[in-house]
Amino acid sequence: MIIVMNKTATEEQIELVVSRIKDKGLEASISKGTEKTVIGAVGDERLLDPKLLDNLPGVEQAMHIVKPYKIVAREWHPKDTVLDIKGHLIGGKHIQIVSGPCSVETPEQMKKSAKAVKAAGVKLMRGGAFKPRTSPYTFQGVGFDGLEMFRKAADNEGLPIVTELLDVRHLDKFLEHKVDVIQIGTRSMQNFELLREVGTLKIPVILKRGMSATISEWLMAAEYIASGGNHNIIFCERGIRTFETYYRNVLDVTAIPVLKKETHLPVIIDPSHAGGKAWMVAALSRAGIAAGADGLLVEMHPNPCEAWCDADQAITPTELKDLMKDLTAIAKILGRNISN
Ligand code: PEP
Ligand code: MN
């Protein structure tokens, strides 16, 4: 941490800052310039709160120089992390697509969806049994029966399953159904108790970006999971809120290179919840992969017009197949492989 003193700071004021730094077990290195004195706090600076130093007399500003997130930071782990989800790799050169319906509905719908996912060459399947809906009066998901339906349909096609965990109280059932990847939705990104709980597991977690979260808040949310021992985290940019009302959210493509710079963990995008319309999905998906994303979480329904949730944004099985062709070509240009 760097503490910049005011021009008029006295020796006593400098000494007070130094003693506060030493009290926390850090070393203080004083650099006296012609204009100002700058004090460097050397050691584990997470122990020091810049706000407490900011308030001391003679201090102009105290700021961290080391990132507040550690385990997820590339600074501490320069190489890309490659995660293995039931034999399917994501990260580094490996791109994975996750597809399936917004929500689990019926055994028949899940069977058709699983077949379509497999036929498109996609290796991982999504589907929500519990849905976080804006209105309490709309469909909330089929619940635990959905996990059963999902598991069965996906097992028939040999697909690992990705599903959203809304509530820590559901975790036992998720483990019972051997959920392969836990999704933490945009509304739960800062549900710290939920994050801590999935942090105690070894199961990979897709951490969606809060719809109004900054990059730093998102990285800190991931750090909650990682600090519990679970480093199997995939970031998912799913669109953020802006003043624009034409589309559901704005896909923040800029976040992809930024996240790739800040973290060694895989970063994927969700083009479905970003645009909110099926016709935008292919364009946003291509942009995401071209910008360096490690994969997609994309909604597909065997019969989109009849979907119980997010019908407008679901692509058809044929559209998923076509999209896979485009993405394979883009991946090749970038020297990466897709869906291995
Ligand atoms: C979903 O993936 O179906 C979902 C609810 O996503 P989000 O949390 O991004 O809204
Ligand atoms: Mn959805």
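Conventions adopted
- Residues numbered from 1 in each chain as written.
- Chains lettered and ligands numbered in written order.
- Predicted model: local features only at pLDDT ≥ 70, side-chain atom pairs only at ≥ 80, totals over all residues.
- Heavy atoms only, no water.
- Helix = DSSP H or I, 4+ residues; strand = E, 2+ residues; numbered from the N terminus.
- Buried < 20%, exposed > 50% of the residue type's maximum accessible area, 1.4 Å probe, protein only.
- Contact = heavy atoms within 4.5 Å.
- Near = heavy atom within 4 Å.
- Polar contact = N/O pair within 3.5 Å; in protein donor to acceptor, adjacent residues only side chain to side chain.
- Areas by Shrake-Rupley, 256 points an atom, 1.4 Å probe, with all protein chains shown as cover.
- 1 Å grid on protein atoms, 1.4 Å probe; cavity = no way out; pocket = protein on both sides within 12 Å on 5 of 7 lines; lining within 4 Å.
- Sits in = over half its atoms within 2 Å of the grid points.
- Nonpolar A, V, L, I, M, F, W, Y, C, P; charged D, E, K, R; others polar.
- Pairing = 2+ DSSP bridges.
- Axes fitted to C-alpha atoms, helices over the stretch in contact; angles between N-to-C directions.
- Parallel < 35°, antiparallel > 145°, perpendicular 65-115°, else oblique.
- Left-handed = near helix turned anticlockwise from the far one by under 90°.
- Core = buried A, V, L, I, M, F, W, Y, C linked by side-chain atoms within 4.5 Å.
- Donors = N, O, S within 2.8 Å, 3.2 Å for Na, K, Ca; no water.

## Brief notes about the environment of Ala314
Now for step 1: Of note, Ala314 is situated in the loop between β14 (295–299) and α11 (317–333).
Now for step 2: Look at Ala314 and you get buried, because its relative accessible area is 7%.
Now for step 3: Measuring from C-alpha to C-alpha, the distance between Ala314 and Glu299 comes to 5.0 Å, with 15 residues separating the pair along the chain.
Now for step 4: Among residues more than four places away in sequence, those in contact with Ala314 are Ala278, Glu299, Met300, His301 and Pro304.

## Brief notes about the site of ligand 1
Now for step 1: Neighbouring ligand 1 are 13 residues; Arg126, Lys131, Thr186, Lys208 and Arg238 lie closest to it.
Now for step 2: The contact in question runs from an oxygen atom of ligand 1 to an N or O atom on the side chain of Arg126, over 2.8 Å.
Now for step 3: Taking Gln183, its side chain carries an N or O atom lying 2.9 Å from an oxygen atom of ligand 1.
Now for step 4: Expressed as a share of its isolated accessible area of 300 Å², the protein-covered part of ligand 1 is 97%.
Now for step 5: Placement of ligand 1 is best described as lying within the largest pocket.
Now for step 6: Taken together, the residues of the shell around ligand 1 sort by class into 2 nonpolar, 4 polar and 7 charged.

## Focus: the sheet that holds strand β2 (residues 27–32)
Now for step 1: Read across the open sheet, the 4 strands follow the order β2-β3-β1-β4; overall the sheet is antiparallel. Of all strands in the sheet, those with a lone pairing partner are β2 and β4 (59–63), marking the two edges. Within the sheet, the average angular offset between the axes of one strand and its neighbour, ignoring direction, is 15°.
Now for step 2: Examined bridge by bridge, strand β1 (residues 2–5) and β4 share 4 bridges and lie antiparallel to one another. Across the sheet, the residue bridging to Ile3 is Ala62, located in β4.

## Examining the packing of helix α7 (residues 215–227) against helix α8 (residues 255–262)
Now for step 1: Running from amino to carboxyl end, α7 crosses α8 at an angle of 45°, the nearest separation of the two axes being 11 Å. Here α7 is positioned oblique relative to α8, judged by the angle of their axes. The handedness of the crossing between α7 and α8 comes out as right-handed. Each of Ile215, Trp218 and Leu219 in α7 lies in contact with α8, whose residues at this interface are Ala255, Val258, Leu259 and Glu262.

## What about the nonpolar core?
Now for step 1: With 68 residues, the main nonpolar core has Ile97, Ile182 and Leu207 as its most contacted residues.
Now for step 2: Among the elements that take part in this core, α7 stands out by supplying 7 residues, more than any other.
Now for step 3: Among the nonpolar cores identified, the runner-up in size contains 16 residues, and Met5, Val17, Leu26 and Leu56 belong to it.

## A look at the coordination of the manganese ion (ligand 2)
Now for step 1: Only Cys102 (SG), His273 (NE2), Glu299 (OE) and Asp310 (OD) from the protein reach the manganese ion (ligand 2) as donors, at distances of 2.1 to 2.4 Å.
Now for step 2: Donor residues binding the manganese ion (ligand 2) come from one chain and are separated in sequence as C-x170-H-x25-E-x10-D. Of this pair, Cys102 sits in the loop between β7 (94–100) and α3 (107–119) while His273 is found in helix α9 (residues 271–275), placing the two residues 171 residues apart along the sequence. Accessibility assignment for this pair places Cys102 and His273 in one class, buried.

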